[in-house]
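Structural overview for review
Residues per chain, in single letters:
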Amino acid sequence: MKTDEDFMELALEEARKALALEEVPIGAVVVCNGEIVGSGHNLKETENDPTAHAEIVAIRDAARKLSSWRLNECQLYVTIEPCPMCAGAIMQARLQRVVYGAVDPKAGVAGSLYNLLQDNRFNHTVELKSGVLAAECRQIIKDFFSELRQTRGRVGESG
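What you are looking at is a predicted structure, and each value in this text was computed from that prediction instead of being measured. (Residues numbered from 1 in each chain as written. Predicted model: local features only at pLDDT ≥ 70, side-chain atom pairs only at ≥ 80, totals over all residues. Heavy atoms only, no water.)

Description of the sheet that holds strand β3 (residues 74-80)
With mixed pairing, the 5 strands of this open sheet are ordered in space as β2-β1-β3-β4-β5. Two strands bound the open sheet, and with one partner strand each, they are β2 (35-41) and β5 (127-130). The average undirected angle you get between the axes of adjacent strands in this sheet is 15°. Most of the contacts of helix α5 (residues 134-152) go to strand β4 (residues 97-102), to which it runs at about 60°, and overall it touches β3 and β4. (Pairing = 2+ DSSP bridges. Helix = DSSP H or I, 4+ residues; strand = E, 2+ residues; numbered from the N terminus. Axes fitted to C-alpha atoms, helices over the stretch in contact; angles between N-to-C directions. Contact = heavy atoms within 4.5 Å.)

Considering the UniProt feature "binding site: Zn(2+)" (unreviewed entry) in the chain
Here, UniProt's "binding site: Zn(2+)" (unreviewed entry) annotation points to H53, C83 and C86. A compact arrangement is adopted by the annotated residues: their sequence extent is 34 residues, whereas the largest C-alpha distance between any two is 9.3 Å. Relative to the helices and strands, H53 is located in the loop between α2 (44-47) and α3 (54-66). Taking relative accessible area as the criterion, H53 reaches 17% and is therefore assigned buried. Here C86 is to be found in helix α4 (residues 84-92). C86 has contacts with H53, E55 and I56, leaving out every residue within four places of it along the chain. (UniProt positions renumbered as here; feature names shortened; annotations may be inferred. Buried < 20%, exposed > 50% of the residue type's maximum accessible area, 1.4 Å probe, protein only.)

Regarding α3
A rise of 1.5 Å per residue sets the reference length of α3, with its 13 residues, at 18 Å; its end C-alpha atoms lie 18 Å apart and thus fit the reference within 8%. Here α3 has its buried residues at A54, E55, I56, V57, A58, I59, D61, A62 and A63. Looking at the packing, one finds that the buried side of α3 touches β1 (27-32), β2, β3 and α4. (Expected span 1.5 Å × (residues − 1).)

So, the environment of A107
With respect to the helices and strands, the residue A107 is situated in the loop between β4 and β5. Assessed through its relative accessible area of 26%, A107 is described here as partly exposed. Separated by 26 residues in the primary sequence, A107 and E81 place their C-alpha atoms 8.1 Å from one another. Leave out the neighbours within four places in its chain, and A107 touches P82, C83, P84 and L113.

Okay, structure coming up:
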């Protein structure tokens, strides 16, 4: 039987695919009954699509494969804490559980800035587990932005 760490390793493999495309290296997999039914990595730059976050790509993949938008028996493994948009998609998909690696103190809403996924005012709440392979998940992103600053100047500056 695979563990949370095993599935997070697969999410990290997805993050490495994003890295190869010079995308922010975030990866995700959707698991149902112990099997991967969806996978994805950031494709915002590649597809010029602000919604092409790893979580949403993986959720769309799972929904297509399962022929249902209801993923209520599935879990999402993602290398970084979900943002507000992804948290909304997670709730809309009715995912049962989310496991993430690194916290995102600037945009995370699964415990950092807010906890949208467990707010009882919504019609669906999600079981959460954080910190799975956190060091590895944090390091791949840290290295990406460090390299970006070295090769392209400071991130966020024009020219």
